[in-house]
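# Inside the fold
Listed here are the chains, written in short residue letters.
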Amino acid sequence: MTLKASDVSVRFAGVNAIDHVSVALDQGEILGLIGPNGAGKTTMVNVLSGFQKPAGGAVSIFGDDAGGRPADWFSCNGVVRTFQAVRLFKGMTVSENVEVGFSTLGIGRAQARRRAAQLLDRMGLASRADQLSGTLNYGDERRVGIARALALAPKFLLLDEPAAGMNIAEAEALGTLIRSVRDDFGCGILVIEHNMRLVMNTCERLHVMSSGRTIAAGTPSEVAGNAEFKKAYLGSEAA
Ligand SMILES: Nc1ncnc2c1ncn2[C@@H]1O[C@H](COP(=O)(O)OP(=O)(O)O)[C@@H](O)[C@H]1O
Ligand SMILES: [Mg+2]
């Protein structure tokens, strides 16, 4: 029961953004995709959600080949992603932003509003429901982005730097939230994140990329002991 990229490559004008990388996300697990800026993490999420066609390799959902499918085919098949820069409708309220997710599923207005309220409560945003989303701080904006993604009932949820702009306490709370979302919704969650404390406390498996390649993969403790990982993260002397 997997969302899978197998031996995928992506090139941009001579740059190997991704060079023969395989990543698989199971339902019910939390996978951290980490690595320095420019490693190819966002490009991999784009590939896994149909926003980027790979030049080589294959993508599949539950074993069905997704090659050549558009992004909305991915979302109809349960793959929902958030963006590094949150794309909320700033002139709409927080609740309306989440209701949009429900209405794309054909759910009527009154029910969409009720279910949006439940999700916002779940994300600790009940008091923000009627606020214009353009007035939110970074942390709240990102949680609304996640609430909107959850309205689409994802089987696989891909989060691109959800803790960016959050302070330490907010990032810690986000880690707890990600775990409880996984427990309640049963979806697989892939999270791109730089905050190593959040990554180590939240993820069950890590995939480390650098310069478009996989440099380490495994449990957080396996990866923490990996020489390539230490070199990339702590400098060559620590390896
Ligand atoms: N649309 C694009 N056009 C050209 N180059 C791109 C594009 N998207 C990403 N890249 C390049 O691909 C590499 C990987 O980028 P990205 O996946 O955004 O890395 P990360 O998310 O790990 O920081 C970088 O060298 C980046 O400059
Ligand atoms: Mg990125």
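Above this text sits the structure in question.
Being a predicted model, the structure only gives us computed values, none of them experimental. (Residues numbered from 1 in each chain as written. Chains lettered and ligands numbered in written order. Predicted model: local features only at pLDDT ≥ 70, side-chain atom pairs only at ≥ 80, totals over all residues. Heavy atoms only, no water.)

### Brief notes about the coordination of the magnesium ion (ligand 2)
- Coordination of the magnesium ion (ligand 2) by the protein involves T42 (OG1) and Q84 (OE1), with metal-donor separations of 2.1 to 2.7 Å. Taken together, the positions of T42 in helix α1 (residues 41-48) and Q84 in the loop between β6 (79-81) and α3 (94-103) put the pair 42 residues apart, joining distant regions of the chain.
- Using a relative accessible area of 27% as the deciding quantity, one classes T42 as partly exposed.
- According to the relative accessible area criterion, Q84 is partly exposed, its value standing at 37%. (Donors = N, O, S within 2.8 Å, 3.2 Å for Na, K, Ca; no water. Helix = DSSP H or I, 4+ residues; strand = E, 2+ residues; numbered from the N terminus. Buried < 20%, exposed > 50% of the residue type's maximum accessible area, 1.4 Å probe, protein only.)

### Describing the sheet that holds strand β5 (residues 64-65)
- In spatial order, the strands read β2-β1-β4-β5; together these four strands make up an open sheet with antiparallel pairing. What marks the edges here is a single partner per strand, and that holds for β2 (15-26) and β5.
- Bridge count between strand β1 (residues 2-12) and strand β4 (residues 56-61): five bridges; the pairing is antiparallel. Bridge assignment links K4 to a residue of β4, and that residue is S60.
- Packing against the sheet, α1 makes contact with β1, β2 and β4, and its axis sits at approximately 125° to β1. (Pairing = 2+ DSSP bridges. Contact = heavy atoms within 4.5 Å. Axes fitted to C-alpha atoms, helices over the stretch in contact; angles between N-to-C directions.)

### As for the pairing of strand β3 (residues 30-34)
- Here β3 lies mainly inside the structure; five of its five residues are buried.
- Along β3, one buried face is formed by I30, G32 and I34 and the opposite face, lined by L31 and L33, is buried too.
- As paired elements, β3 and strand β8 (residues 188-192) share four bridges and run parallel to each other. If you follow L33 over to β8, its bridge partner there is I192.
- Of the pairings in the sheet, the one linking β3 to strand β9 (residues 205-210) comprises four bridges and is parallel in character. Each bridged residue has a counterpart across the sheet, and for G32 the counterpart in β9 is L206.

### Looking at the nonpolar core
- Counting residues in each nonpolar core, the largest one holds 44 residues, and the members touching the most others are V98, F102, L157, L174 and I189.
- Once residues lying within four places of it in the same chain are set aside, the contact partners of L157 are V80, A149, L150, C187, G188, I189 and L190.
- Of all hydrophobic cores here, the second largest spans 27 residues; its members include L33, V59, F156 and L158. (Core = buried A, V, L, I, M, F, W, Y, C linked by side-chain atoms within 4.5 Å.)

### Points about empty space enclosed by the protein
- All chains considered together, the criterion is met by one cavity of 30 Å³ or more.
- Looking at the largest cavity, the residues that line it are M123, I146, L157, L159, L174, L177, I178, V181 and I189.
- Contributing elements (two or more residues each) for the lining of the largest cavity: β7 (156-160) and α6 (168-185).
- Here the lining of the largest cavity gets four residues from one element, more than from any other, and that element is α6. (1 Å grid on protein atoms, 1.4 Å probe; cavity = no way out; pocket = protein on both sides within 12 Å on 5 of 7 lines; lining within 4 Å. Points joined across faces, edges and corners; volume = space filled by probe spheres on them.)

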